Amino acid sequence: MSDFLQSYGFLIVTLIQAGLLGLSLYFPLMAGQLSLASPGFYALGGYVAAIMLTNPAFAGLRDTLGNGIFPLTWLAAGLLCALAGVIVGVPALRLRGIYLALATIAFVEILRVVSLNLSITGGAIGIFGIPQAFGFQDRWQYLLIFGPLLALVLAFTYMLQKSRVGRAFRAIREDELAADAMGVPPTQYKVLAFVIGAVIAGIVGSMSAPFLNTWNAKQGTFDASIAILAFVLIGGSRSMWGPVVGGALLTAVPELLRFLQDWRLVINGLVLVIASLYLPQGIVGALAKLRKSPPPARPPIAPAPDAKGGTL
Amino acid sequence: MTAAVPQPTSRTVLEARNMTRRFGGLIAVNDVSFDVREGEIFGLIGPNGAGKTTLFNLMTGLTPPSSGTLMYEGRPVLGLAPHRVAALGMSRTFQNIRLFKALSALENVKIAQHTRTHAGLWRGIFGANRAEEAQVERRAWELLDLVGLSDRAGEEAGNFSYGDQRRLEIARALATEPRVLLLDEPAAGMNTSEKGSLTAFIREVRDKFDLTVMVIEHHVPLVMNLCDRVAVLNFGQLIAMGDPASVQRDPKVIEAYLGGE
Ligand SMILES: Nc1ncnc2c1ncn2[C@@H]1O[C@H](COP(=O)(O)OP(=O)(O)OP(=O)(O)O)[C@@H](O)[C@H]1O
Ligand SMILES: [Mg+2]
């Protein structure tokens, strides 16, 4: 067991990370909004953790809290990303489709350039020597925090999709104007979906900074935006399992094919092309098509006496 | 052209005054005023491009007005966002059907209960919304029963026939619990037998839910049988209003239809 974790623990953590970032992009998509802002919030969350864990200004807090500092970095990253999500989301979500995508890429790029030029973020060099979370000795031990986070986010997503808020998201995705006319306020729910994605990406960043030991401006880039979008599109954008499967697959395939050396990039490219040609709904979407979902069951209460079948 | 004098026998629900909407040089709705009384079925007819749909769009917040006012139960409506109008108690269907096509019929009707329910993010996440969800579910099934679609509750709305989609849109509009229902060409795309039963159905719905109904319709027999009063729009202007028979005889109306075709 521990041999397996020694060899594959790092990879598994990376797969979970990818799945979580896929989910962070899936949330705005649930409400029909194509946002590529996830790497920006991921970078921001990572900087929050890196600064809290290394900056002398927080030395007193670290001494007092001991390992308690780590959950505090997650909380701080989540809150700051929620705030940033509102500040960026409210104006950006007035844009539609590709214009929103471009605006969110601009946000990622602005954050990157700012972090390159601030001294608190370590400028071009970044922040080094971030201590391991909870004094972990091995990278695989990060499964102990990323695993529960993934489980929590999946449970959150599952419950949300079944709820009134989930229905509002889907209505806006299907037809924003009709949703509005049927009483669903689109702006409010679009911002909410965007902020949830921002919080998830930020918390993932705050857990990743100790994991990677170092944090710099390479963490939030345009390349990452496109990679995360590919996770969701290949996995499937209509089910919460899509981003997880896509993120894991697109992260695992290049790693497992390492023995092919440069050819692995070709294989990876082929996977992308073939999937987008033959699985437009993504892998999970294609699997869902195979399985006919049963018709909804009527709740087992006697219908109201006046609700007899219509004649029209 | 001028507003109807409200009859003492019935209360006024909607008061439209000088409603106007310009699109560039075109005046799609031109200084339109009318009153709608509680519980009546008020028809809106006119040649193609007369401005009927635009008037509905103004009334439901989808298109901002150039000028004019609309009072619903004494409250101003124009300038409100569509979801605020829905919350006030006015709901509609669309001439060019706008169901949530990839979602099931059941979910379409559940979504539209949004303004009448309250569970926020956290109540949903922690499952503290069970009673409300059960209520939403029950109402959704009842409304599908009403339009005869509960057997196909799980099917995607986009797969339904025109007639079924129109009825599902009515069920969805009713799910917002309106007091005023605006129907934009409910018979369009229906077959003859569906059209035949539409009159009785709209009356049934009006009675069951205590509604006031405004209906845009081209199908003349339907308008004549269904409506208590009819208003006629032509080139954005209200050219006649009254009971169906007298409107049908009105020379201005005949002229509008002959000249318009
Ligand atoms: N968004 C818009 N921009 C520009 N012009 C518009 C717009 N919406 C409607 N119009 C114009 O306003 C006029 C009225 O259109 P409207 O759809 O209200 O007519 P209608 O009476 O519903 O016609 P129909 O019976 O064909 O449905 C038409 O000339 C139409 O082209
Ligand atoms: Mg029209």
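Here is what the cut-offs are and how they apply
- Residues numbered from 1 in each chain as written.
- Chains lettered and ligands numbered in written order.
- Predicted model: local features only at pLDDT ≥ 70, side-chain atom pairs only at ≥ 80, totals over all residues.
- Heavy atoms only, no water.
- Pairing = 2+ DSSP bridges.
- Helix = DSSP H or I, 4+ residues; strand = E, 2+ residues; numbered from the N terminus.
- Axes fitted to C-alpha atoms, helices over the stretch in contact; angles between N-to-C directions.
- Contact = heavy atoms within 4.5 Å.
- Near = heavy atom within 4 Å.
- Polar contact = N/O pair within 3.5 Å; in protein donor to acceptor, adjacent residues only side chain to side chain.
- Buried area = accessible area lost by both parts, 1.4 Å probe.
- Salt bridge = Lys/Arg side-chain N within 4 Å of Asp/Glu carboxyl O.
- Nonpolar A, V, L, I, M, F, W, Y, C, P; charged D, E, K, R; others polar.
- Donors = N, O, S within 2.8 Å, 3.2 Å for Na, K, Ca; no water.
- Buried < 20%, exposed > 50% of the residue type's maximum accessible area, 1.4 Å probe, protein only.
- pLDDT = per-residue confidence, 0-100.
- Core = buried A, V, L, I, M, F, W, Y, C linked by side-chain atoms within 4.5 Å.
- Patch = residues over 30% accessible without salt bridge, like charges linked within 9 Å, V, L, I, M, F, W, Y side chains within 5 Å.
- Areas by Shrake-Rupley, 256 points an atom, 1.4 Å probe, with all protein chains shown as cover.
- Phe/Tyr/Trp six-rings, centres within 6.5 Å; stacked < 30°, edge-to-face > 60°.
- Lys NZ or Arg CZ within 6 Å of the ring centre and 35° of its normal.

Draft legend 1. Structural detail: the sheet that holds strand β8 (residues 212-216) of chain B. Residue and element names in this part refer to chain B. Judged by pairing direction, the sheet is mixed, and its six strands sit side by side in the order β6-β7-β8-β3-β9-β10 without closing on themselves. Every other strand in the sheet has two partners, leaving β6 (90-92) and β10 (237-242) as the edge strands with one partner each. Pairwise comparison of adjacent strand axes, ignoring direction, gives a mean angle of 20° for this sheet. With five bridges joining them, strand β7 (residues 180-184) and β8 adopt parallel strand pairing. Looking at the pairing, D184 lines up with I216 of β8. Strand contacts of helix α6 (residues 162-175): β6 and β7, with the helix running at about 160° to β7, the strand carrying the most contacts. Sheet strands in contact with helix α7 (residues 192-209) are β3 (41-45), β7 and β8, and its direction is about 135° off that of β3.

Draft legend 2. Examining the site of ligand 1 more closely. Residue and element names in this part refer to chain B. Among the 13 residues in the neighbourhood of ligand 1, the closest are listed as G49, K52, T53, T54 and Q95. A distance of 2.9 Å separates an oxygen atom of ligand 1 from a polar atom in the backbone of G51. Between an oxygen atom of ligand 1 and a side-chain N or O atom of H218, the distance comes to 3.0 Å. Of all the secondary-structure elements, those providing two or more residues to the shell around ligand 1 are β2 (26-37) and α1 (52-59).

Draft legend 3. The interface of chain A and chain B, seen in detail. Across the boundary between the two partners, chain A contributes 41 residues, which contact 54 residues of chain B. Interface area, chain A with chain B, both sides summed: about 3,800 Å², of which 64% is carbon and sulfur. Our count for the chain A to chain B interface comes out at four salt bridges. One salt bridge connects D145(B) with R298(A), and the closest N-O pair in it is separated by 2.9 Å. For the interface between chain A and chain B, the tally reads 10 residue pairs in polar contact (both at pLDDT 80 or more). Taken together, the elements giving at least two residues each to the side of chain A that touches chain B come down to α6 (143-162), α7 (164-174), α8 (176-181) and α9 (186-212) of chain A. With eight residues, the top contributor of residues to the side of chain A that touches chain B is α7(A). Residue composition of the side of chain A that touches chain B, grouped by class: 24 nonpolar, five polar and 12 charged.

Draft legend 4. Representation of the coordination of the magnesium ion (ligand 2) within the structure. Residues and elements named next belong to chain B. Coordination of the magnesium ion (ligand 2) by the protein involves T53 (OG1) and Q95 (OE1), with metal-donor separations of 1.9 to 2.1 Å. Of this pair, T53 sits in helix α1 while Q95 sits in the loop between β6 and α3 (105-111), placing them 42 residues apart in sequence. What makes T53 partly exposed here is its relative accessible area of 25%.

Draft legend 5. Geometry of the confidence of the model for chain A. Residues and elements named next belong to chain A. For chain A, the mean per-residue pLDDT works out to 89, and 96% of the residues sit at or above 70. The spread of mean pLDDT over the elements of chain A runs between helix α12 (residues 263-278), the lowest at 76, and α8, the highest at 98. For residues 305-312, every residue scores under 50 in pLDDT, and the model assigns this stretch 16 contacts once sequence neighbours within four places are set aside.

Draft legend 6. Broad picture of the nonpolar core. Core analysis: the largest hydrophobic core is formed by 93 residues, its most contacted members being F41(A), F146(A) and L160(A). In terms of residue count, α9(A) provides more of this core than any other element does, 14 residues in total. In terms of nonpolar packing, the next biggest core, distinct from the first, is built from 49 residues, I97(B), A171(B), L174(B) and L181(B) among them.

Draft legend 7. Quick peek at a nonpolar patch on the surface. A cluster of nonpolar side chains, W263(A), V266(A), L270(A), V273(A), I274(A), L277(A) and Y278(A), forms an exposed patch at the surface whose accessible area comes to about 790 Å². For V266(A), a relative accessible area of 42% corresponds to the partly exposed category.

Draft legend 8. Region of interest: the pairing of strand β1 (residues 12-23) of chain B. Residues and elements named next belong to chain B. Inspection of the sheet shows β1 paired to β2 by eight bridges, in the antiparallel sense. Paired with L14 across the two strands is V36, which belongs to β2. Summarising the sheet, β1 and strand β4 (residues 67-72) pair through five bridges and their orientation is antiparallel. Directly across from T20, in β4, lies its bridge partner S67.

Draft legend 9. Molecular detail of α7(A). Most of α7(A) sits out of view: nine of its 11 residues are buried. Taken as a whole, α7(A) has its buried residues at R164(A), V165(A), G166(A), R167(A), A168(A), F169(A), R170(A), A171(A) and I172(A).

Draft legend 10. Representation of the packing of aromatic side chains within the structure. Taken as a whole and judged by the stated rule, the model has 16 aromatic pairs over all chains. Ring geometry for Y26(A) and F27(A): centres 6.4 Å apart, planes at 70°, overall edge-to-face. Overall, Y26(A) belongs to the buried group, its relative accessible area being 2%. With a relative accessible area of 0%, F27(A) lands in the buried category. Ring pairs connect the aromatic residues F10(A), F70(A), W74(A), F134(A), F136(A), Y142(A), F146(A) and F211(A), which therefore count as one cluster. Geometry around F160(B) places R152(B) over its ring, the cationic atom sitting 4.3 Å from the centre. The ring of F100(B) is capped by R172(B), whose NZ or CZ atom sits 4.8 Å from the centre of that ring.

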